[in-house]
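As a plain string of letters, each chain reads:
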Amino acid sequence: MVSTDAAPAIVVLTGAGISKESGLATFRCEGGAWQQVRIEDVATPEGFSRNPQRVHDFYNARRAQLAEVTPNAAHLALAELDRHWPGDFLLITQNVDDLHERAGSRRLVNMHGSLRRARCLGCEAVSPWEGNTTLDSRCPACGEVGIMRPDIVWFGEMPQQLERIYAALGQCELFLSIGTSGHVYPAAGFVAEVQGRARTVELNLEPSKGASLFDEVRQGPATELVPEFVAGLLARWR
C-alpha cells in the first residue's frame, strides 16, 4: 500500500568512504593521496601557479583511475532512491569521482568539483573533460590555449553550489551522511544545520568526528548499510 503521507525532503551527504569500496583510496587512509604529495603543491591555487604541469599530472592520474572502477551497491542504491523518491531529494557528494553519475544519480551536487570537468581561467567556462589536461589544452568555449585547470575545489576556494545546498538543508526532514570523516568543512557542519528539525542518520564504517551529533549511527560497509536503508525508505511508497 502506498502511504498518503507526504514524503519527507531528503538530503544525502557522501564522502570518500563510499567510493573506497569501489577501489578508490581515500585521501587520509594509509597510502592515500595526502601521504604521497603535499597539499600545498597540488590542491591550492598557489601550487597551480608555481607548477601547473605537476598539478595536471596529479589529476590526470586520478582521472585515469576512474576507468578501473565501477559504482558499487551503495552508489546504485542511492541512484534508485533518487529515481523513485516522490519528495524533494538532493545528493551532495564531497567526492570528485563520477561514480554517482555513472550509477544514475541525477539530483546531485558535486560540491568539491569533478575530475570529469575542466575550467578555463580566462572565460571561466566549465566544460566536460575526458582526457588529460595539459599546458596545451584549449578551452572549448573561448578557444584560448594553456589556461585550463581541473574543475576541483582546492583549499582556500569556496565549494560549489552552496546556495542550492543550504536551500535543501533548510527544507530537509531526513539527513543521511554516508562514508564521511567529519573533518572537512562546511560539509562537516551540515548535520548541525538541520539539528532539531530533521532526523539525522550516519552510515559509516566507523563513527565520524561528529557522530555524537546524529540521532542514529549505524556502523558497517556502505555496500551493506545503504541498500538496506534505502530499501526501507522506498518500501513505504511502493
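Residues numbered from 1 in each chain as written. Predicted model: local features only at pLDDT ≥ 70, side-chain atom pairs only at ≥ 80, totals over all residues. Heavy atoms only, no water.

### Notes on the packing of aromatic side chains
For clarity, the cut-off: Centre distance within 6.5 Å is the pairing criterion for rings of Phe, Tyr and Trp, where only the six-membered ring of Trp is used; planes under 30 degrees apart are then read as stacked, over 60 as edge-to-face, and the remainder as tilted. The helix and strand labels rest on DSSP assignments: H or I over at least four residues marks a helix, E over at least two residues marks a strand, and numbering proceeds from the N terminus. Burial classes follow relative accessibility: with a 1.4 Å probe on protein chains only, a residue under 20% of its type's maximum area counts as buried, one over 50% as exposed, and anything between as partly exposed. Comment: the charge-over-ring label is applied if NZ (Lys) or CZ (Arg) is within 6 Å of the ring centre and within 35 degrees of the ring normal.
Taken as a whole and judged by the stated rule, the model has five aromatic pairs. Seen in terms of ring centroids, Tyr 166 and Phe 190 are 5.8 Å apart; in terms of plane orientation they differ by 85°. Their pairing is edge-to-face. Taken together, the positions of Tyr 166 in helix H8 (residues 162-171) and Phe 190 in helix H9 (residues 190-194) put the pair 24 residues apart, joining distant regions of the chain. When its relative accessible area of 0% is taken as the criterion, Phe 190 is described as buried. With centroids separated by 6.2 Å and ring planes inclined at 20°, the aromatic side chains of Phe 175 and Phe 214 adopt a geometry described as stacked. Here Phe 175, found in strand S7 (residues 174-178), pairs with Phe 214, found in the loop between strand S8 (199-204) and strand S9 (216-219); they are 39 residues apart in sequence, far enough to count as distant. Here the two residues Phe 175 and Phe 214 agree in accessibility, since each one is buried. The structure contains a cluster of three or more aromatic residues connected by ring pairs, namely Phe 48, Phe 58, Tyr 59 and Trp 154. Of note, Arg 149 hangs over the ring of Trp 154, and the distance from its end group to the ring centre comes to 3.7 Å.

### Quick notes on the environment of Gly 87
Going by this rule: Contacts are assigned to residue pairs with any non-hydrogen atoms lying within 4.5 Å of each other.
When you line up the elements, Gly 87 lands in the loop between helix H6 (73-84) and strand S2 (89-93). The class for Gly 87 is buried, based on a relative accessible area of 14%. Here the alpha-carbon distance between Gly 87 and Ile 10, two residues 77 residues apart in the chain, equals 7.7 Å. For Gly 87, the residues in contact, after removing those within four places along its chain, are Ala 7 and Arg 107.

### Let's talk about the packing of H6 against helix H10 (residues 222-235)
Worth spelling out the cut-off: Here, axes are lines fitted to C-alpha atoms. For helices the fit covers the stretch in contact, and angles between N-to-C directions go from 0 to 180 degrees. Here the word oblique covers every angle except those under 35 degrees (roughly parallel), over 145 (roughly antiparallel) and from 65 to 115 (roughly perpendicular). Each crossing gets its hand from how the near helix is turned against the far one by less than a right angle, where anticlockwise is left-handed and clockwise is right-handed. In this classification, Asp, Glu, Lys and Arg are treated as charged, Ala, Val, Leu, Ile, Met, Phe, Trp, Tyr, Cys and Pro as nonpolar, and every other residue, Gly included, as polar.
In contact at an axis separation of 7 Å, H6 and H10 are set at 20° when each is read in the N-to-C sense. With respect to H10, the axis of H6 lies roughly parallel. H6 and H10 meet at a crossing whose hand is left-handed. Taking contact as the criterion, the partners of Ala 73, Ala 74, Ala 77, Leu 78, Glu 80, Leu 81 and His 84 in H6 are, on H10, Ala 222, Thr 223, Val 226, Pro 227, Val 230, Leu 233 and Leu 234. Per-class residue counts for the contact of H6 with H10 are 11 nonpolar, two polar and one charged.

### Thoughts on the sheet that holds strand S5 (residues 126-128)
Heads up, the condition is: At least two DSSP bridges between two strands are required for those strands to pair.
Ordered by their spatial adjacency, three strands build an open sheet running S5-S4-S6, and the pairing between neighbours is antiparallel. Pairing within the sheet leaves two strands with one partner each, and these edge strands are S5 and strand S6 (148-152). Neighbouring strand axes in the sheet, compared pairwise and without regard to direction, differ in orientation by 45° on average. Pairing of strand S4 (residues 113-120) with S6 involves five bridges; the strand directions are antiparallel. Along S6, the bridge assignment pairs Ala 118 with Pro 150. Relative to S6, helix H5 (residues 52-65) is tilted by about 55°, and along the sheet it contacts S4 and S6.

### Structural notes on the UniProt feature "binding site: substrate" (unreviewed entry) in the protein
Note the threshold: UniProt positions are given in the numbering used here, feature names are shortened, and annotations may be inferred rather than shown by experiment. N or O atoms closer than or at 3.5 Å make up a polar contact, with two conditions inside protein: a donor-capable atom paired with an acceptor-capable one, and, for residues adjacent in sequence, both atoms drawn from side chains.
The feature "binding site: substrate" (unreviewed entry), as annotated in UniProt, sits at Tyr 59 and Arg 62 in this numbering. The residue Tyr 59 is located in helix H5 in this model. Note on Tyr 59: relative accessible area 2%, which makes it buried. Once residues lying within four places of it in the same chain are set aside, the contact partners of Tyr 59 are Val 42, Ala 43, Leu 115, Pro 150, Ile 152 and Trp 154. Within the structure, Tyr 59 has its side chain in polar contact with the backbone oxygen of Val 42 (distance 2.9 Å). As for its placement among the helices and strands, Arg 62 is situated in helix H5. Judged by its relative accessible area of 19%, Arg 62 falls in the buried class.

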